[in-house]
Amino acid sequence: MEHLIHTEEITKIYNPRKPDEMRALEGVSIQINRGEVVALKGPSGSGKTTLLSLIGCMGRPTSGRIVVEGRDVAKLPERFLTAIRRSTFGFIFQQFNLLRDVSVIDNVLLPLYPVDIDVPAMQQRADRLLDTLGIGAKRHLKVKQLSGGEQQRVAIARALINKPTVIIADEPTAHLDRQLATDLLAILEQLNREGKTIVIATHDPLVHEHPFITKTIGMRNGRIEGVVQR
Amino acid sequence: MRRHIKILEYALSSLVRRKYKNLAILLVYTFTIMLLASILFLTHALKQEASFLLLDAPDLVVQKMAAGRHDLIPVQYARAVEKIRGVKKASPRHWGYYYDALTRSNYTVLGIDTGMPGLHLVEGSLPSDKGQCAIGTGVAAVRSVGVGDELIIVDSHNTGTAYEITGTFSAQSNLLTYDLVVLTRGELMRFFGLPADRATDIAVEVHNEREVPTIAAKIRQVLPDTRPITKNEIIRTYDAVFNWRSGMMLVIFSSALIAFCILAWDKATGISAEEKREIGILKAIGWDTSDILELKFWEGAALSLTSFLLGSIAAYVHVFFFSASLLAPVIKGWSVLFPEFRLTPSIDFYQITVMGFLTVVPYIASTIVPSWKAAITDPESVMRT
Amino acid sequence: MNKHKVFIGILFAEVIILLMLSLYGTLATKERDRIELPALRELVASLRLTDLSLWTEARYTRHPSQADWFTPFQDFPASFEHFPAGSLIAPRTFSVDPVFPLR
């Protein structure tokens, strides 16, 4: 079966041959299929974030192959990497990474600025997403005026604006209370039902024990410890 | 095209988000450009003015030198000059300076022959008798006199002499006549106590302008104690005087340019943590390096182009509608009589283009360069914050 | 999303204003050349003037074209330039070498 994403023996070394050299990943090989919900589980420093960023085309491995939708992205020039990242992936960051002094709608529209799509179409898409997520009425407020839960939804809307195939979420529940965390997982579950593939890095048991997770990949010290398929 | 417009839109939003800081930069930048452009416009216009007005100055002026200083010239030297081939006419000029203790100002006193035809720019008439004079508007203003009044000045015997003012030069000729007092030649010679056989210098007319340098050289040969000054030199004096690359103009110009460079350097030496974070986020969500650099380009270009054009307009209005009033104290020096003049508007577009290059390009560079490092960094660092 | 329109509008307006000022300048110059310049040139020719009446503080600032090289040093070769306008005036160039005129 052709995987949506797979990696072959990828290694990532930060600051090679320097005193502060760090080997974040060692010979990691994983497969992610279309429609799966994959949880990367492991303690802090296990390499989850690094693996997420590499499969999300945010950086390049030191060695190994990463294939996304049949394309080897490990050695692609930056322009192509960005294009794939933009069209294939939507990111939900741990700290949301929203621009606090910018309005909700402008934050959501940010990924579409460098894309060749006209302004009315952009705004229509954004409005629909915000309405679906229940924060349409706050579209013109600045992000800093929103609650934590509302900001989370803005982050999700921004992740979805490019109609990505894969949602990547890095510790999405780290700064949320139980209720908000549950709400987030419900949204992700809905997105999965709509056909999106989801990859979540987390050490929150609420997430990796959730029934909608189809595969759990355990990591420790930059290596894969085990893969549990449900 | 759509993409570029959207990135421009984001750049403008970015500028508006930091509106007070950017407004301050806009004001400083505009003022600096205004100062720089004012100097360029003023000096260019004055140069043009001088070059047009002095086209009818004498072809040659011959001065006598004694002990390295300007001395009175024997009138018979004019006869010797007229004998040189190519010379049409050599006429002695009688003129000098008068320090008016009452107003602490200096006048230029000029002697003319009686019976000279009237001039268009004289309101009234030129003096035709020894007891008459014509004056420039500066003299009229500082002494509060006009046509029909008396101008009393002290001659070389320390005696006050009253002259009836028969005419004043019109304000249009201020640049040429502001401090002039015109007397009849004979009266001027009496006033200054000049010997009858001496003149201040000799004005020479030639048949063919192209022969002026040759004739000047011949004059030096025939009359070794003289110094001829050509019309070309006269005009080029003002090219040099109004050259923005010299004297006080250069000081002001460089100060303004240095202030501008400090502004640009301050920008170029680093971007704030907030800006770095913003670039990281943009990269993470799908902007590539060229998009970020284009964004920074538009941020720089929007501010600098707006300021540059605004500064140039302000400079034009300042110089040609307000007579460069901000620069006047610098240019005026210690002159008590300094003419109010309206310069003929004239811009050298080459200079403006050069100034544009010297300011807009470095400013845009100073906006792009510090963001370069952040723009080329892999966005995965954003995941780690 | 109209900021770009406003910005382009402002730039455009500024360019138009500059061009109009320039046009005004050209027209004013033509007008002035037609009416004033002949009269001014007549004045210069009749009175045999050689300099603009700008800086009346010293002889060599009033008639820079007639001044010699060390007039600014007035009475002593090593004295400093002490008239402000003197710092605005660059030294005159000579078309005839004053020492070797026929060279």
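The structure under discussion appears in the preceding block.
Residues numbered from 1 in each chain as written. Chains lettered and ligands numbered in written order. Predicted model: local features only at pLDDT ≥ 70, side-chain atom pairs only at ≥ 80, totals over all residues. Heavy atoms only, no water.

**Looking at the interface of chain B and chain C**
Counting from both sides, the interface comprises 92 residues of chain B and, opposite them, 70 residues of chain C. Counting the surface lost from both chain B and chain C, the interface buries some 7300 Å², and carbon and sulfur atoms represent 65% of this. The interface formed by chain B and chain C includes 3 salt bridges. We note a salt bridge from Arg41 of chain C to Asp56 of chain B, for which the minimum N-O separation is 2.4 Å. Looking at the side of chain B that touches chain C element by element, the count peaks at 8 residues for helix 11 (residues 289-320) of chain B. In terms of residue class, the side of chain B that touches chain C is made up of 55 nonpolar, 23 polar and 14 charged. (Contact = heavy atoms within 4.5 Å. Buried area = accessible area lost by both parts, 1.4 Å probe. Salt bridge = Lys/Arg side-chain N within 4 Å of Asp/Glu carboxyl O. Helix = DSSP H or I, 4+ residues; strand = E, 2+ residues; numbered from the N terminus. Nonpolar A, V, L, I, M, F, W, Y, C, P; charged D, E, K, R; others polar.)

**A word on the packing of helix 10 (residues 273-284) of chain B against helix 13 (residues 349-376) of chain B**
Relative placement of two packed helices is described by the angle separating their axes and the distance separating the axes. Residue and element names in this part refer to chain B. For the pair helix 10 and helix 13, the least separation of the axes is 9 Å and the interaxial angle reads 40°. Of the possible angle classes, the one that applies to helix 10 and helix 13 is oblique. For the crossing formed where helix 10 meets helix 13, the hand is right-handed. Residue-level inspection shows Lys276, Ile279 and Lys283 of helix 10 in contact with helix 13, the latter providing Ser371, Ala374, Ala375 and Ile376. Its residues placed into classes, the contact of helix 10 with helix 13 shows 4 nonpolar, 1 polar and 2 charged. (Axes fitted to C-alpha atoms, helices over the stretch in contact; angles between N-to-C directions. Parallel < 35°, antiparallel > 145°, perpendicular 65-115°, else oblique. Left-handed = near helix turned anticlockwise from the far one by under 90°.)

**What about the sheet that holds strand 11 (residues 223-229) of chain A?**
Residues and elements named next belong to chain A. Taken in spatial order, the 6 strands line up as 7-8-9-4-10-11 in an open sheet, and their pairing is mixed. Strands with a single pairing partner mark the edges of an open sheet, and in this sheet they are strand 7 (89-92) and strand 11. Across this sheet, the average inter-strand angle for adjacent strands is 15°, counted without regard to direction. For strand 8 (residues 166-170) and strand 9 (residues 197-202), the ladder comprises 5 bridges, and the chain directions are parallel. Within strand 9, the residue paired with Ile168 across the bridge is Val199. (Pairing = 2+ DSSP bridges.)

**Describing the side chain of Ser304 of chain B**
Residues and elements named next belong to chain B. Position of Ser304 among the secondary structure elements: in helix 11. Among the polar contacts listed, one links the side chain of Ser304 to the backbone oxygen of Gly300, at a separation of 2.8 Å. Excluding residues within four positions of it along the chain, Ser304 makes contact with Tyr29, Val360, Tyr363 and Ile364. (Polar contact = N/O pair within 3.5 Å; in protein donor to acceptor, adjacent residues only side chain to side chain.)

**Comments concerning the pattern of salt bridges**
Oppositely charged side chains may form a pair once their charged atoms are brought near each other. All names here are of chain A. Throughout the structure, instances matching the rule amount to 42 salt bridges over all chains. For the salt bridge of Arg65 with Asp72, the shortest nitrogen-to-oxygen distance reads 3.3 Å. Take Arg65: its relative accessible area is 35%, and that puts it in the partly exposed class. Note on Asp72: relative accessible area 32%, which makes it partly exposed. Here the residues in one salt-bridge network are Glu21, Arg23, Glu26 and Arg223, joined through shared partners. (Buried < 20%, exposed > 50% of the residue type's maximum accessible area, 1.4 Å probe, protein only.)

**Observations concerning helix 2 (residues 78-88) of chain A**
Buried within helix 2 of chain A we find Leu81, Thr82, Ile84, Arg85, Arg86 and Thr88 of chain A. Here the buried face of helix 2 of chain A lies against strand 5 (63-68), strand 6 (71-72), strand 7 and strand 8 of chain A together with helix 10 and helix 11 of chain B.

**A short note on the packing of aromatic side chains**
A full pass over the atoms with the stated rule returns 17 aromatic pairs over all chains. Seen from their ring centres, Phe41 of chain B and Tyr316 of chain B are 6.2 Å apart, and the 75° between their planes marks the pair as edge-to-face. With Phe41 of chain B in helix 2 (residues 19-53) and Tyr316 of chain B in helix 11, this pair connects stretches of sequence that are 275 residues apart. Side by side, Phe41 of chain B and Tyr316 of chain B carry an identical accessibility label, which is buried. Arranged with centres 5.5 Å apart and planes meeting at 80°, the rings of Trp95 of chain B and Tyr97 of chain B form a pair that is edge-to-face. Given a relative accessible area of 8%, Trp95 of chain B falls into the buried group. Members of the aromatic cluster, connected to one another through ring pairs, are Phe41, Tyr316, Phe320 and Phe321 of chain B together with Tyr24 of chain C. If you follow Lys19 of chain B out to its NZ or CZ, it ends over the ring of Tyr20 of chain B, 5.7 Å from the centre. (Phe/Tyr/Trp six-rings, centres within 6.5 Å; stacked < 30°, edge-to-face > 60°. Lys NZ or Arg CZ within 6 Å of the ring centre and 35° of its normal.)

**Observations regarding empty space enclosed by the protein**
Under the criterion given, the structure shown has 7 cavities of 30 Å³ or more. Roughly 90 Å³ of internal volume is contained in the largest cavity. Arg93, Trp95, Thr108, Leu110 and Leu180 of chain B together with Arg48, Leu49, Thr50, Asp51, Arg62 and His63 of chain C are the residues that line the largest cavity. Classifying every residue of the lining of the largest cavity gives 4 nonpolar, 3 polar and 4 charged. Volume-wise, the second largest cavity comes out at about 80 Å³. The wall of the second largest cavity is formed by Arg85, Arg86, Phe89, Gly90, Phe91, Pro111, Arg158, Ala159, Ile161 and Asn162 of chain A together with Ala284 and Ile285 of chain B. The leading source of residues in the lining of the second largest cavity is strand 7 of chain A, at 3 residues. Residue composition of the lining of the second largest cavity, by class: 7 nonpolar, 2 polar and 3 charged. (1 Å grid on protein atoms, 1.4 Å probe; cavity = no way out; pocket = protein on both sides within 12 Å on 5 of 7 lines; lining within 4 Å. Points joined across faces, edges and corners; volume = space filled by probe spheres on them.)

**What to know about the environment of Leu188 of chain A**
Residues and elements named next belong to chain A. Of note, Leu188 is situated in helix 6 (residues 178-193). On the accessibility criterion, Leu188 (0% relative accessible area) is buried. Considered as a pair, Leu188 and Glu209 are 21 residues apart in the sequence and their alpha carbons are 14 Å apart. Excluding residues that lie within four positions of it along the chain, Leu188 makes contacts with Ile92, Ile167, Ile198, Ile200 and Phe212.

**Regarding the environment of Arg79 of chain A**
Within the secondary structure, Arg79 of chain A is located in helix 2. Taking the C-alpha atoms as reference, Arg79 of chain A lies 25 Å from Ser29 of chain A; in sequence the two are 50 residues apart. Once residues within four sequence positions are removed from consideration, Arg79 of chain A is found in contact with Asp288 and Ser290 of chain B.

Read these as geometric descriptors, not functional statements.
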